[in-house]
Structure formats: C-alpha cells, structure tokens
Amino acid sequence: MAKLISHKTLLSTCLVLMLLTNFCKFGASSEKITAFFIFGDSTGFFGEPTGRFSDGRVADFIAEYAKLPLIPRVLEASADFTNGANFASGGAGILPETNKGTVIDLPTQRKNYEAVQKTLVEKLGEIRAKELISEALYFISIGSNDYMGGYLGNPRMQELYLPETYVSMVIGNLTQTIQVLYEKGARKFGFLSLAPLGCLPGLRVLNPSEGCLEEGCRLARARNKALKVVLTSLEYILKGFKYSNSNFYEWLKDRTNNPSKYGFNDGVNACCGTGPYGRVYTCGGTKKVKDYQLCDNAEDHVWWDSFHPTERIHEQCAKELWNGPSGRTIWKSSSSTRKRRTPLSPISLTPQK
Ligand SMILES: *[C@@H]1O[C@H](CO)[C@@H](O)[C@H](O)[C@H]1NC(C)=O
C-alpha cells in the first residue's frame, strides 16, 4: 500500500483546484488550498487500514495526489490540524438516529470540527486561522447509511415517513450542516453523490428477480437530485460559496453493469462475505459467524464486501475526482449550470409568493 508523502507543501492553484473543477474558473491564480477537512462515513475513512472496516480510501488517495501530509483523524488529540482533519466515522449518517450509539454522526462531526477550529485560532491567531479556514477544502461523503440501515432496514422509520419525506428530512439536516460550516468560514465544498445503493450486494440479494433493488436506487437518485437543487440554491444565497458535486451514481453503475470495460471481471458479487453475492456481512468473521469466503483477487471485483466497493474502485474514483474535467469526469461543476438555471429554492430565506 502506498505510503502518504508527508512533507508540507503549499499547493499551487490547479493541483487541488482540479479536484473542484469550478474553482479553476473562480480562483485567482494565487489561490491555495492548504487544508483538507473530511466529513463522512466509511468512504471518507483514513489513515492506517488497521481497525477500520472498509478499504475505502477515496480521501486518502486524493490527499496523496495533492501531496498533502497524512490528514490526522480527529480523535488523535495531540495532532497538528493545520493541514486539515478527518472527522469521518464508519457507519455514520446525517441523522443522529442512524446507527445510533455506534458511530459519530454528522452533527457530532460538525461539533468536533468547531473544536478543531478553536485550536487553530489559538495556535495561528484569528487572522491566519480565518484564512486557512476559508481556503480549506471541505469534503463531504455521507448519506448511504441513512437510506440503508436508517430507512430501508428500519421498518419503524418507513412507518413514520414516506420515502420523499424522509429524503427531505435528511437533506434538510445536511443543508443545516453546510450552512453552519459556511457561517464558521468554510467556502469550498466537495460532495460525493450517493452510489446506486440498490446494486450493493447486500441490497441486490433482497431483490427476488436478482437485479438491483429498485427501492435502494430510487432513494439514492431522489437524494442526489435533492442535493443538486440545494447546492444550486446555496450558490445563489451564500456569498462566496463554491462547490463541486460528483456523479458517483452513474459512474459506479456503469462499472457494475460493464465491469470488463474497466478491467474488472465481476460487477455483482462481493469479494468478501458469505451467501449469494457474498451478501452476508461477515468479512473478517463476526461474533456469530466465524466462516466467510474471500475471493482470490479483490482487484477483479467491483465490490469488496456487501456494502463497500474495492480499493481499486476507490482508486479509480479518486483519480477521476483529482484529474477533474478531462474526459468523462465524475465531477459536475456547478459553474456549468449556474448561468442557464433559475434557482429552485427549497431553503429560500425569503417567503415565496
Ligand atoms: C433533521 O432531522 C430531524 C430528525 O433527526 C428532524 O426532526 C428535523 O426536522 C430535520 N431537520 C430539517 C431541517 O429537515
């Protein structure tokens, strides 16, 4: 596994700016991104592989391409956060109800960020800290768990909320977090859209006709659409707010349907787990299930376990995020839509007529 390069480099514009493609348009050539703050679930996880349950190193790869030093996890209390911090927690959701008690939810990740921000002010002084915070990149990759365990796997939630109501509630909470981060000085945001959740081996197996589980895909599409609308609105409402969104949904669906086009030979079955599609979440053994199967070569698979793509998929994804607009990028820059579109405003601050 590649070691992260750990020298401190200030990055020149387009290196990191390519990550958020529209920044190249907005940014002055002197613009630098020196810090990277990561919020999310297992796909945002970081650092040593030991002790984490996903090999999802999207953020790790990006930091590596950016030649940023290893971004410390926030639980490392004595760490230096001047290049950013990773607040992500495997299994976490946007709603506190999601996997309650076993994860650090997004509102808590946000509180942890506020604590880090305080230490930055103490260390660097108000002016320099403010600069760092506004130049930093805020990468947010979260939400799958709210729809999988939090909704599809939770009959009580399904009783309480219609799917569309649930989606607006989750998006409403995400919007609040974005707004709070903005109020604290954050300006540059990057989002990883949700995967085609119904095609995850753990959900696919619930479909009697063997295809992707339509409910899962529909929820992911609804949420991705809703986020897109919110981001367009925020761009109009919040001065200096810049973002880039990605189309991870189509990107991953394409690899699931056409694995051989991308150098994989299995787009359906998980490499590690038990049962049909390797769906049962037993990779590494659990308290109850000691036995699990492991494929010969994870690199051949799109899916690592019932819920996570393989490291190779994460690497391909990070490369495309990094390389930005060249070819069929999975980033969708906000600047391409901002001229043509009148903003729809679900979070409008003024009452609608
Ligand atoms: C955030 O989620 C809670 C449930 O955890 C819900 O009651 C609340 O209405 C949501 N907030 C917004 C702004 O949608």
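The model shown is predicted, which means the values in this text are computed figures rather than measured ones. (Residues numbered from 1 in each chain as written. Predicted model: local features only at pLDDT ≥ 70, side-chain atom pairs only at ≥ 80, totals over all residues. Heavy atoms only, no water.)

Draft legend 1. Just the pattern of salt bridges, in detail. Going through the model one piece at a time under the given rule, you end up with 6 salt bridges. Of the charged contacts in the structure, one is a salt bridge between E131 and R128, with a shortest N-O distance of 3.0 Å. Linking E131 with R128, this pair stays in helix α5 (residues 126-135), spanning 3 residues, or about one helical turn. Looking at E131, the relative accessible area reads 37%, which means it is partly exposed. (Salt bridge = Lys/Arg side-chain N within 4 Å of Asp/Glu carboxyl O. Helix = DSSP H or I, 4+ residues; strand = E, 2+ residues; numbered from the N terminus. Buried < 20%, exposed > 50% of the residue type's maximum accessible area, 1.4 Å probe, protein only.)

Draft legend 2. Spatial organisation of helix α11 (residues 248-257). α11 sits mainly inside the fold: 7 of its 10 residues count as buried. Every buried residue of α11 is accounted for by F248, Y249, W251, L252, D254, R255 and T256.

Draft legend 3. Spatial organisation of the site of the ligand. Taken together, L95, P96, E97, M169, G172, N173 and Q176 form the complete shell of residues around the ligand. In the environment of the ligand, an oxygen atom lies 3.5 Å from a nitrogen or oxygen atom belonging to the backbone of M169. Between an oxygen atom of the ligand and a side-chain N or O atom of N173, the distance comes to 2.4 Å. Contact with the protein chains covers 58% of the free accessible surface of the ligand, which is 360 Å². When its residues are assigned to classes, the shell around the ligand shows 3 nonpolar, 3 polar and 1 charged. (Near = heavy atom within 4 Å. Polar contact = N/O pair within 3.5 Å; in protein donor to acceptor, adjacent residues only side chain to side chain. Areas by Shrake-Rupley, 256 points an atom, 1.4 Å probe, with all protein chains shown as cover. Nonpolar A, V, L, I, M, F, W, Y, C, P; charged D, E, K, R; others polar.)

Draft legend 4. Region of the structure containing the state of the cysteines. Applying the stated rule across the entire model yields 3 disulfides. Across a sulfur-sulfur distance of 2.2 Å, C199 and C212 are joined as a disulfide pair. With the S-S dihedral at roughly 105°, the linkage between C199 and C212 falls on the right-handed side. On the criterion of sequence distance, the pair formed by C199 in the loop between β4 (188-191) and α9 (201-204) and C212 in the loop between α9 and α10 (214-237) is long-range, its members being 13 residues apart. Here C271 is linked by a disulfide to C295, with a sulfur-sulfur distance of 2.0 Å. Because the torsion about its S-S bond is -90°, the bridge between C271 and C295 counts as left-handed. With C271 in the loop between β6 (266-270) and β7 (272-273) and C295 in the loop between β8 (293-294) and β9 (301-303), this pair connects stretches of sequence that are 24 residues apart. A residue is classified by how much of its surface remains accessible, and C295, at 18% relative accessible area, is buried. For the chain, the bonded cysteines connect in the pattern 1-2, 3-6, 4-5 when numbered consecutively along the sequence. Free cysteine: C217, not disulfide-bonded; nearest cysteine sulfur from C199 at 3.9 Å. By relative accessible area, which is 1% here, C217 ends up buried. (Disulfide = S-S within 2.5 Å.)

Draft legend 5. Quick peek at the packing of aromatic side chains. According to the stated counting rule, one finds 16 aromatic pairs in the structure shown. Note on F36 and F139: the rings are 6.1 Å apart at their centroids and 55° apart in plane angle, and the pair reads as tilted. Placement of the pair is F36 in strand β1 (residues 36-40) and F139 in strand β3 (residues 137-141), with a sequence separation of 103 residues. Take F36 and F139: they sit in the same class, and that class is buried. (Phe/Tyr/Trp six-rings, centres within 6.5 Å; stacked < 30°, edge-to-face > 60°.)

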